[in-house]
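Report on the structure
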Amino acid sequence: MILGRSILLLLAIASPAMAETMNFESSTAILGASCGKDIDANCLGVNLDPVRLKECLARNQDVVSPQCKADYARAFDAIQKRVAARAAVGKACERDKPKFCGDPESSAASFPDCLLKTRGVSAKCVQAVREAGYR
């Protein structure tokens, strides 16, 4: 019984951390540390956007280091999750944006900043903003 409660407590503590996405800087640092030499050797001249770089590393996976193989999928997955999280903020906060930030058209650029400075924003919106990395 005590073991079960300990496991539930551990899961409750760890679950918010698991839901958060990795920031772009951390993903790039993983790629640079694990794949820097492989990128220089095999992807010279490739535009360094995530799609082309991932394609280049996948295309050259037979000569890419094992550490890079292990890390590049995780890093690119994290980048895609962050991009999706940023796209989801608008949907998750569609009710809070006009309520707390005024005219939706005029405040488009300051939208995340407005929600970060406001109290009373819905939990769903706060979670979306957090996962998108604005907070």
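Residues numbered from 1 in each chain as written. Predicted model: local features only at pLDDT ≥ 70, side-chain atom pairs only at ≥ 80, totals over all residues. Heavy atoms only, no water.

We now examine the overall build of the chain. For the chain, the helix and strand inventory stands at 7 helices and 0 strands. Each helix and strand of the chain, ordered N terminal to C terminal, gives the series α-α-α-α-α-α-α. The burial tally for the chain puts 29% of its 135 residues in the buried class. Across the chain, the fraction of contacts at a sequence separation of at least 24, relative to all contacts at a separation of at least 6, is 50%. For the chain, the exposed area adds up to about 9,000 Å²; of that, 58% sits on carbon and sulfur atoms. (Helix = DSSP H or I, 4+ residues; strand = E, 2+ residues; numbered from the N terminus. Buried < 20%, exposed > 50% of the residue type's maximum accessible area, 1.4 Å probe, protein only. Contact = heavy atoms within 4.5 Å. Areas by Shrake-Rupley, 256 points an atom, 1.4 Å probe, with all protein chains shown as cover.)

Turning our attention to the confidence of the model for the chain. On average, residues of the chain score 75 in pLDDT, and 78% of them are at 70 or above. Counting contacts from residues 1–20, a segment whose pLDDT is below 50, to residues more than four positions away or on other chains yields 4 contacts. (pLDDT = per-residue confidence, 0-100.)

Attention shifts here to the packing of aromatic side chains. What the rule picks out here adds up to 1 aromatic pair. Plain terms: the ring middles of Tyr72 and Phe76 are 6.1 Å apart, the flat faces sit at 75° to each other, and that makes the pair edge-to-face. Taken as a pair, Tyr72 and Phe76 lie in helix H4 (residues 66–92) at a separation of 4 residues, close to a single helical turn. (Phe/Tyr/Trp six-rings, centres within 6.5 Å; stacked < 30°, edge-to-face > 60°.)

With 27 residues, H4 ought to run about 39 Å at 1.5 Å a step, and its terminal C-alpha atoms sit 39 Å apart, in line with that. Regarding H4, the residues found buried are Cys68, Asp71, Tyr72, Ala75, Phe76, Ala78, Ile79, Arg82, Ala85, Val89 and Ala92. Buried residues in H4 make contact with helix H2 (24–42), helix H3 (50–59), helix H6 (111–116) and helix H7 (123–131). (Expected span 1.5 Å × (residues − 1).)

What follows is about the packing of H2 against H4. Close contact between H2 and H4 brings their axes to 9 Å; oriented N to C, the two are set at 155°. Considering their axes alone, H2 and H4 lie roughly antiparallel with respect to each other. As H2 runs across H4, the sense of the crossing is left-handed. Here Phe24, Ser27, Ile30, Leu31, Ser34, Cys35 and Asp38 of H2 come into contact with H4, specifically with Gln67, Cys68, Asp71, Tyr72, Arg74, Ala75, Phe76, Ala78, Ile79, Arg82, Val83 and Arg86. Within the contact of H2 with H4, the residues separate by chemical class into 11 nonpolar, 3 polar and 5 charged. (Axes fitted to C-alpha atoms, helices over the stretch in contact; angles between N-to-C directions. Parallel < 35°, antiparallel > 145°, perpendicular 65-115°, else oblique. Left-handed = near helix turned anticlockwise from the far one by under 90°. Nonpolar A, V, L, I, M, F, W, Y, C, P; charged D, E, K, R; others polar.)

As a further point, take the side chain of Asn60. Take Asn60: it is sitting in the loop between H3 and H4. The residues touching Asn60, leaving out its near neighbours within four places in the chain, are Asn42 and Cys43.

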